[in-house]
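Given next are the chains, with one letter for each unit.
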Amino acid sequence: MLSEIFSRFSCFGFSGSRVWSSPVAPLSLAASLVPSGSHVCVGCAKGVDGFFRVAFPAAEVFAVSSGRWGSGRGAFAGRSVACVGAVASRSGLWVSFPASACPAGLLPSRRACSGSGSGSWASLAFALASGVPCVVFLGSLPCPLGWGLSPVPGSPGWFGCSVALGSAPVQLSLF
């Protein structure tokens with residue numbers, strides 16, 4: 001099912017922990033599923049971002065050092081919002097690799113939000129609230145409640161939103 005999800009898109013945004021100490025297999029799998037010629041958007045951090053910059057040398061890199069989003073901590077949030085926006089504008093898929101559980105109280109929001117130290121979760125929250133199809137590799141991390149994520153069938157540790165999984169929410173009849 002994961003390969004089917006990836007095959008429906010031609011633009012991908014990757015985000016994740018600055019320190020990825022888990023096995024590289026999920027990152028490699030995701031990279032291998034990106035169709036040839038796809039547009040890839042990624043941030044400037046080490047860890048997961050760095051992996052995908054190497055995997056996709058032609059990727060569009062959103063670098064805080066460019067100064068386009070100001071300076072200081074807010075520049076990192078601005079960079080993430082711009083990266084999600086670029087993926088949204090191309091009807092792409094957001095792929096996230098957080099290394100820790102979702103911070104308490106963080107929920108999807110269309111505002112650039114603080115991830116309580118987790119830019120991975122903040123970016124995913126913004127992408128989901130913006131209607132961008134998303135998949136996330138949680139491995140053995142708990143899936144946060146209230147995020148609308150469901151397990152990807154046949155892909156242990158992977159979760160996706162209903163749009164990415166190919167099913168839209170259905171309004172049940174009251175009558």
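Above: the structure in question.
Calculation criteria
- Residues numbered from 1 in each chain as written.
- Predicted model: local features only at pLDDT ≥ 70, side-chain atom pairs only at ≥ 80, totals over all residues.
- Heavy atoms only, no water.
- Helix = DSSP H or I, 4+ residues; strand = E, 2+ residues; numbered from the N terminus.
- Rg over C-alpha atoms; globule rule 2.2 N^0.38 Å.
- Buried < 20%, exposed > 50% of the residue type's maximum accessible area, 1.4 Å probe, protein only.
- Axes fitted to C-alpha atoms, helices over the stretch in contact; angles between N-to-C directions.
- Parallel < 35°, antiparallel > 145°, perpendicular 65-115°, else oblique.
- Left-handed = near helix turned anticlockwise from the far one by under 90°.
- Contact = heavy atoms within 4.5 Å.
- Nonpolar A, V, L, I, M, F, W, Y, C, P; charged D, E, K, R; others polar.
- Pairing = 2+ DSSP bridges.
- Right-handed = clockwise from strand over helix to strand, strands pointing away.
- Expected span 1.5 Å × (residues − 1).
- Core = buried A, V, L, I, M, F, W, Y, C linked by side-chain atoms within 4.5 Å.

Side note on the overall build of the protein
Of the regular secondary structure elements, the protein holds 5 helices and 7 strands. Listed N to C, the secondary structure of the protein is α-β-α-β-α-β-α-β-α-β-β-β in terms of helices and strands. Taken over the C-alpha trace, the protein has a radius of gyration of 15 Å; the compact-globule value for 175 residues is 16 Å, and the two agree within 12%. If one aligns the C-alpha atoms of the protein with their principal axes, the spans along those axes are about 55 × 35 × 30 Å. Counting the 175 residues in the protein, one finds 47% classified as buried.

As for the packing of helix H2 (residues 25-33) against helix H3 (residues 48-55)
Look at H2 against H3: their axes get within 11 Å of each other, and the N-to-C directions meet at 40°. If you check the angle between H2 and H3, you find them oblique. With respect to the hand of their crossing, H2 and H3 are arranged in right-handed fashion. From H2, Leu27, Ser28, Ala30 and Ala31 reach across to H3, where they touch Val48, Phe51, Phe52 and Ala55. Taken together, the residues of the contact of H2 with H3 sort by class into 7 nonpolar, 1 polar and no charged.

As for the pairing of strand E2 (residues 39-43)
Summarising burial for E2: 4 of the 5 residues are buried, a large majority. Relative to E2, strand E1 (residues 11-16) is paired through 4 bridges, and the arrangement is parallel. Counted as the bridge partner of Cys11 is His39 from E2. Handedness of the crossover is the feature at issue here: the chain leaves E1, passes through H2, returns alongside E2, and the resulting connection is right-handed. Across 3 bridges, E2 lies against strand E3 (residues 60-62) in parallel orientation. Across the sheet, the residue bridging to Cys41 is Glu60, located in E3.

A look at helix H4 (residues 73-89)
Taking 1.5 Å as the rise per residue, H4 with 17 residues should run 24 Å; its terminal C-alpha atoms sit 25 Å apart, in good agreement. Buried positions along H4 lie against E1, E2, H3, E3, strand E4 (93-97) and helix H5 (119-129). Following H4 by one or two positions, Ser91 adopts a phi angle in the positive range, close to 50°.

Brief notes about the nonpolar core
In terms of nonpolar packing, the biggest core is built from 54 residues, with Phe6, Phe14, Phe52 and Phe97 touching the most fellow members. At 6 residues, H5 tops the list of elements feeding residues into this core.

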